[in-house]
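What follows is each chain in one-letter form.
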2 protein chains.
Amino acid sequence: MPHLAFPNTNCEEFRCSTHCSVRPLAICGELSPEEHQEFERLAQHVRYAPKEPLFSEDEVSDSVFSLIEGIARLYKLLPDGRRQIIGFALPGDFLGMAPTPRYSFSADAIGTVVTCRFFKGPFNRFIENKPHMLMRMNEFATRELGQAQDQMLLLGRRSAEEKVAAFLVSWRDRLARVEGVTKTVTLPMGRQDIADFLGLTIETVSRTFTKLEREKLIVIVPDGVRVLDPKRFDALAAA
Amino acid sequence: MPHLAFPNTNCEEFRCSTHCSVRPLAICGELSPEEHQEFERLAQHVRYAPKEPLFSEDEVSDSVFSLIEGIARLYKLLPDGRRQIIGFALPGDFLGMAPTPRYSFSADAIGTVVTCRFFKGPFNRFIENKPHMLMRMNEFATRELGQAQDQMLLLGRRSAEEKVAAFLVSWRDRLARVEGVTKTVTLPMGRQDIADFLGLTIETVSRTFTKLEREKLIVIVPDGVRVLDPKRFDALAAA
DNA sequence: CGAGTCCTTGAATGTAATCAAAGGTCGTGG
DNA sequence: CCACGACCTTTGATTACATTCAAGGACTCG
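Note that the structure is a prediction, hence the values are computed from the model and not measured.

Reading the values: the criteria
- Residues numbered from 1 in each chain as written.
- Chains lettered and ligands numbered in written order.
- Predicted model: local features only at pLDDT ≥ 70, side-chain atom pairs only at ≥ 80, totals over all residues.
- Heavy atoms only, no water.
- Least-squares fit on C-alpha atoms with pLDDT ≥ 70 in both.
- Contact = heavy atoms within 4.5 Å.
- UniProt positions renumbered as here; feature names shortened; annotations may be inferred.
- Helix = DSSP H or I, 4+ residues; strand = E, 2+ residues; numbered from the N terminus.
- Domains from an automatic or database assignment.
- Buried area = accessible area lost by both parts, 1.4 Å probe.
- Salt bridge = Lys/Arg side-chain N within 4 Å of Asp/Glu carboxyl O.
- Near = heavy atom within 4 Å.
- Nonpolar A, V, L, I, M, F, W, Y, C, P; charged D, E, K, R; others polar.
- Phe/Tyr/Trp six-rings, centres within 6.5 Å; stacked < 30°, edge-to-face > 60°.
- Buried < 20%, exposed > 50% of the residue type's maximum accessible area, 1.4 Å probe, protein only.
- Lys NZ or Arg CZ within 6 Å of the ring centre and 35° of its normal.
- Polar contact = N/O pair within 3.5 Å; in protein donor to acceptor, adjacent residues only side chain to side chain.
- Axes fitted to C-alpha atoms, helices over the stretch in contact; angles between N-to-C directions.
- Parallel < 35°, antiparallel > 145°, perpendicular 65-115°, else oblique.
- Expected span 1.5 Å × (residues − 1).

**What to know about the relation of the copies chain B and chain A**
So, step 1. It takes a turn of 180° to lay chain B on chain A, together with a shift of 0.0 Å along the axis; the resulting RMSD is 0.0 Å. Expressed as an axis order, the relation between the two copies is that of a two-fold axis.
So, step 2. Of the residues that chain B buries at the interface, 100% are likewise interface residues in chain A, meaning the two copies contact each other through the same surface.

This is the structure in structure tokens:
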């Protein structure tokens, strides 16, 4: 038996049908039972340790991924090492589409991550005669594009304080889709990641958190923040 | 006979088949002759005067557009009037897809613009059983997303000088797709548009152009610039 | 308990923004 | 044809916000 990248690939506990609580949110969420069974046979379930890369910019892109568990950071680097995080991927997100034959950005696990991995060849053959699947991919791409455009507005035209507030609000709302609504917003990524997402330095992010706390808008707790005044907070984020 | 938004809608000189030099680049570029004929019957050809809006953010989005002639600016506004241009659309570009039932940004003509306009209902019925068309839309969305991600890197992590240089290089390359390669890069948009695209002020853009000219990298000419030292210039843009 | 990592705070610096004004260009009408 | 006005761009002086440089504090894990 050949060695597999992840030995549990065929283990029952990793089959989407039994395991995948995020399936309704995922790319495969609207497949019929039969289609889904076929789709599953194309999937490799892969687990990544914290900080482990899923793929890297400029690598030949042979696979696409559906994120099942955990959170990934997606980023681009300049030659001198400056980094821009272009997004955080949550369970249900679909990764790896690129306008060229190589990945246009890098992705790595923040905590532990589990993905469904699909090789592009079989994946493309599967979708090419399934209009509803193609339409779902269009929805996903359009939603991501909308997020990217919001982020351009944030990066180009908002102050540090507005950036941090808008980030916390949109992160809280995205988490709500997978975890449900909570008072406390958990932040699995570090300050440096937030800084690289918002186009700031780590010091400015830290100072801004402190400032928002002094202004009684949030309380900083381990691994996150609690929002004290959602009304005033949303207003600052929308500003 | 009912009044039409554009009286020449059915005029021969505006039919895509005879008029559309950019068709190979456009969303409809790979339709068979029969399909294209059907597609054309759904299209309204519309002309816009300089500065005229194609559509506005938050408006109910009933149409999508294929840009045939001219250049459009796409932008988002903050409540206080700060503006971020999220892109410039060229002939062949496809506009108006949104993650919600309303447009997520505004678009208006820079010079004179001509579009193919499609109402969403008929458009969606046309594409829903045409996998190759859906795949083409995916390509378009993926390409746009890639551009948006490049722009995030630019907005978040590049200096004013790098922003301007990178903008000129990518604009030159995009123009080459529709106009062919030239020494002079024409800039149909004004300095304020460039500033709002790069997340700068008009003064900083102006100063940076002047600086690049002093450094003998470009010459500023009416409605554009000439690149003097493409090698050094590309290096600065990539930096 | 100590090493390492991450986060916070302080002081000085620098890049781009803001405020202000002059210079160009274009189109219109005298 | 020139003069005027509107609009856009350039340049200069000052300010402000975020960065950089530096150091101390907190938490985790072996």
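The structure having been displayed, the exposition proceeds.
**Describing the UniProt feature "domain: HTH crp-type" (unreviewed entry) in chain A**
So, step 1. Residues annotated by UniProt as "domain: HTH crp-type" (unreviewed entry) correspond here to residues 158-231 of chain A.
So, step 2. Secondary structure within residues 158-231 of chain A divides into 58% helix and 15% strand; the distance between the first and last C-alpha atoms comes to 19 Å.

**Looking at the domain arrangement of chain A**
All names here are of chain A.
So, step 1. One can read the domain layout of chain A as domain 1 (12-153) and domain 2 (158-238).
So, step 2. Measuring from the centre of the C-alpha atoms in domain 1 to the corresponding centre in domain 2 gives 25 Å.
So, step 3. Facing 18 residues of domain 1, the contacting portion of domain 2 comprises 15 residues.
So, step 4. Across the domain 1 to domain 2 interface the summed buried area is about 1500 Å²; carbon plus sulfur atoms make up 57%.
So, step 5. For the pair domain 1 and domain 2, the number of links is 4 salt bridges.

**Quick word on the protein's contact with DNA strand C**
So, step 1. By nearness alone, 15 residues border DNA strand C, and R191(A), T210(A), A160(B), T204(B) and R207(B) come closest of all.
So, step 2. Among the secondary structure elements, those contributing two or more residues to the surface near DNA strand C are α7 (202-214) of chain A together with α7 (202-214) of chain B.
So, step 3. Among the elements that make up the surface near DNA strand C, the one with the highest residue count is α7(A) (4 residues).
So, step 4. Per-class residue counts for the surface near DNA strand C are 2 nonpolar, 7 polar and 6 charged.

**A word on the packing of aromatic side chains**
So, step 1. All chains considered together, the criterion is met by 26 aromatic pairs over all chains.
So, step 2. Summarising the aromatic geometry, the rings of F55(A) and F65(A) are spaced 5.5 Å apart at their centres and angled 25° between planes, so their arrangement reads as stacked. Taken together, the residues F55(A) in strand β2 (residues 53-55) and F65(A) in strand β3 (residues 63-69) connect sequence positions 10 residues apart. Considered together, F55(A) and F65(A) belong to a single accessibility category, that of buried residues.
So, step 3. Summarising the aromatic geometry, the rings of F94(B) and F123(B) are spaced 5.7 Å apart at their centres and angled 25° between planes, so their arrangement reads as stacked. You can see F94(B) sitting in strand β6 (residues 94-95) and its partner F123(B) sitting in helix α3 (residues 120-127), a full 29 residues away along the chain.
So, step 4. Look at F123(B) and you get buried, because its relative accessible area is 1%.
So, step 5. Here the guanidinium or amino end of K130(A) rests over the ring plane of F126(A), the centre of that ring lying 4.0 Å away.
So, step 6. Looking at R191(A), its charged tip hangs above the ring of F209(A), at a distance of 4.3 Å from the centre.

**Some points on the protein's contact with DNA strand D**
So, step 1. The environment of DNA strand D is formed by 17 residues, the closest being A160(A), T204(A), R207(A), S206(B) and T210(B).
So, step 2. Among the atoms of DNA strand D lying within 4 Å of the protein, the sugar-phosphate backbone contributes 61%.
So, step 3. In this structure, a phosphate oxygen belonging to DNA strand D sits 2.4 Å away from a side-chain N or O atom of T204(A).
So, step 4. Listed by contribution, the elements that provide at least two residues to the surface near DNA strand D are α7 of chain A together with α6 (191-198) and α7 of chain B.
So, step 5. Among the elements that take part in the surface near DNA strand D, α7(B) stands out by supplying 5 residues, more than any other.

**A closer look at the packing of helix α5 (residues 160-179) of chain B against α6(B)**
Residues and elements named next belong to chain B.
So, step 1. α6 packs onto α5 with a crossing angle of 110° between their chain directions and a minimal axis gap of 11 Å. As summarised for this structure, α5 and α6 are arranged roughly perpendicular, according to the angle between their axes. Listed contacts from α6 to K163, V164 and F167 of α5 are I194, F197 and L198.
So, step 2. Partitioned by chemical class, the residues of the contact of α5 with α6 number 5 nonpolar, no polar and 1 charged.

**Looking at the UniProt feature "domain: Cyclic nucleotide-binding" (unreviewed entry) in chain A**
So, step 1. In the numbering used here, UniProt assigns the "domain: Cyclic nucleotide-binding" (unreviewed entry) feature to residues 27-96 of chain A.
So, step 2. Taken end to end, residues 27-96 of chain A comprises 14% helix and 43% strand; its first and last C-alpha atoms sit 13 Å apart.

**Observations regarding unusual backbone geometry**
Peptide bonds are, in most cases, trans, and in most cases residues other than glycine have a negative phi.
So, step 1. Although it is not a glycine, D223(A) adopts a positive phi angle of roughly 65°.
So, step 2. Tracing the chain through its elements places D223(A) in the loop between β10 (218-221) and β11 (224-227).
So, step 3. Positive phi values are uncommon outside glycine, yet K216(B) reaches one of about 60°.
So, step 4. Its place among the elements puts K216(B) in the loop between α7 and β10 (218-221).

**Observations concerning helix α4 (residues 131-157) of chain A**
Spacing of three or four residues puts side chains on the same side of an α-helix, whose turn is 3.6 residues.
So, step 1. A rise of 1.5 Å per residue sets the reference length of α4(A), with its 27 residues, at 39 Å; its end C-alpha atoms lie 39 Å apart and thus fit the reference within 8%.
So, step 2. Of all 27 residues in α4(A), 19 are buried, a share of seventy percent or more.

**Regarding the interface of chain B and chain A**
So, step 1. On the side of chain A, 43 residues touch chain B, which itself brings 43 residues to the contact.
So, step 2. Roughly 3800 Å² of surface becomes buried between chain B and chain A when both sides are summed, with 66% attributable to carbon and sulfur atoms.
So, step 3. One can count 6 salt bridges joining chain B with chain A.
So, step 4. Among the ionic pairs, D196(B) bridges to R157(A), the shortest N-O distance being 2.8 Å.
So, step 5. Linking chain B with chain A are 14 residue pairs in polar contact (both at pLDDT 80 or more).
So, step 6. Every element with two or more residues in the side of chain B that touches chain A is listed here: β5 (83-89), α4 (131-157) and α6 of chain B.
So, step 7. For the side of chain B that touches chain A, the element with the most residues is α4(B), which contributes 20 residues.
So, step 8. Considered class by class, the residues forming the side of chain B that touches chain A number 21 nonpolar, 11 polar and 11 charged.

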